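The lines below spell out each chain.
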Amino acid sequence: MSDIKVYLSDRFAQFLDTIGGDSPYDKDAALAMVFILMERKVFTRKQRKVLSLELIEQCLNNKSMFDNIIAQPSETTSSTYDYCYYPYTAKYLAKYGALNLSTLKYILTELDKELFAAQGSSSMNMSVHNIQGKAESAIVINDCIKLIQGYSNAKP
C-alpha cells in the first residue's frame, strides 16, 4: 500500500500546483481530487479509510483536527476547529465511516449553543469570535451527520 500512498501524495502535490494556491480550501480541493483518483486505484473500503487518514495527516498537516471528529466524545473534544475549510475531506471521511457520529453531534450541539448565544451581537464581536466560520463549520458537520445517517439507513 505504500506505493499507492506515494503515488497519491505525488498527485496531491501536482493537483495543488494545478490549482495554484496553498490555502486550506485549495488543499481540500486537491485532496478531493486525490480521493476521486483513489477510488479508481484502491478497491476495498477498509484500505480507502486507512489510506485517506494517512493522506490527510501527510497532506494537510492537521491531524488533530480530524482526530477530534474520529474519536469518541470526551473532555478533550473541541468545537473550535474550522471544518469549514475542509468540506470535501470531512464528507469523504463520513462517507467511508471514519467519523464518529456521537462526536459530530456533540460538536454540532456546541456550535449551535455558541451561534445562538451570539445572536444580536455586534459585527465586531461576531468577527472576534469567528461566528461566520463556526456557522460554516456547523454546516459541514451537519452534512457529515446526514451522510452517515443516510449510509446507516441504507444498510440492510
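The coordinates are above.
Below is a summary of the structure that appears in this document. (Residues numbered from 1 in each chain as written. Predicted model: local features only at pLDDT ≥ 70, side-chain atom pairs only at ≥ 80, totals over all residues. Heavy atoms only, no water.)

### Re the nonpolar core
Just so we agree on the cut-off: Throughout this description, the term nonpolar core refers to a set of buried Ala, Val, Leu, Ile, Met, Phe, Trp, Tyr and Cys residues connected via side-chain atoms within 4.5 Å. Exposure is judged per residue with a 1.4 Å probe applied to protein chains only, and the accessible area is read against the type maximum: over 50% gives exposed, under 20% gives buried, and values in between give partly exposed. The way it works is that DSSP assigns letters per residue, a run of H or I at least four long becomes a helix, a run of E at least two long becomes a strand, and they are numbered from the N terminus. Here, residues are in contact when the closest pair of their heavy atoms is within 4.5 Å.
Of all hydrophobic cores here, the largest spans 42 residues; its most connected members are L31 and F66. At the level of secondary structure, the elements contributing two or more residues to this core comprise α1 (2–19), α2 (24–41), α3 (45–60), α4 (63–70), α5 (87–95), α6 (101–117) and α8 (131–154). Looking at this core, the element that brings in the most residues is α8, giving seven residues. With near-sequence residues (within four places) excluded, L31 lies in contact with F12, L55, I56, C59, L60 and T89.

### A word on unusual backbone geometry
We note that N61 has phi near 50 degrees; this positive angle belongs to a residue other than glycine. Of note, N61 is situated in the loop between α3 and α4. In this structure N61 comes out as exposed when scored by relative accessible area, which is 63%. The residue N130 is not glycine, and still its phi comes out positive at about 55 degrees. As for its position among the elements, N130 is in the loop between α7 (123–128) and α8.

### A few points about the packing of aromatic side chains
Worth spelling out the cut-off: Ring pairs shown here join Phe, Tyr and Trp side chains whose ring centres sit within 6.5 Å, with only the six-membered ring taken for Trp; geometry is labelled stacked below 30 degrees between planes, edge-to-face above 60, and tilted in between.
Applying the stated criterion across every chain, the model contains six aromatic pairs. Ring centres 5.2 Å apart and planes at 75 degrees place the aromatic pair Y25 and Y85 in the edge-to-face group. Placement of Y25 in helix α2 and of Y85 in the loop between α4 and α5 is noted, with a sequence separation of 60 residues between them. Its relative accessible area of 41% is what places Y25 among the partly exposed residues. With relative accessibility at 31%, the residue Y85 sits in the partly exposed group. Aromatic pair F66 and Y83: ring centres 6.3 Å apart, planes at 75 degrees, arrangement edge-to-face. You can see F66 sitting in helix α4 and its partner Y83 sitting in the loop between α4 and α5, a full 17 residues away along the chain. Every member of this aromatic cluster is reached through a ring pair, and the members are F66, Y81, Y83 and Y86.

### Describing the pattern of salt bridges
How we decide: Salt bridges are counted wherever a side-chain nitrogen of Lys or Arg sits within 4 Å of a carboxyl oxygen of Asp or Glu.
This model, assessed by the stated rule, comprises seven salt bridges. For the salt bridge of K113 with E110, the shortest nitrogen-to-oxygen distance reads 3.3 Å. With K113 and E110 both in helix α6, this residue pair falls three residues apart, about one helical turn. With a relative accessible area of 49%, K113 lands in the partly exposed category.

### Points about the environment of T77
Our working definition: Polar contact is defined as a pair of N or O atoms within 3.5 Å, subject to the rule that within protein one atom must be able to donate a hydrogen and the other to accept it, and that residues adjacent in sequence are counted only when both atoms are side-chain atoms.
Among the secondary structure elements, T77 is positioned in the loop between α4 and α5. T77 sits ten residues away from D67 along the chain, and the two C-alpha atoms are 9.4 Å apart. Beyond its immediate sequence surroundings of up to four residues, T77 is in contact with N68, Q72, T103, Y106 and I107. Only 2.8 Å separates the side chain of T77 from the backbone nitrogen of S74, close enough to count as a polar contact.

### Observations regarding the environment of R45
Tracing the backbone through its elements, the reader meets R45 in helix α3. Along the sequence, R45 and Y96 sit 51 residues apart, while their C-alpha atoms lie 6.8 Å from each other. Setting aside chain neighbours within four positions, we find R45 in contact with K95, Y96 and G97.

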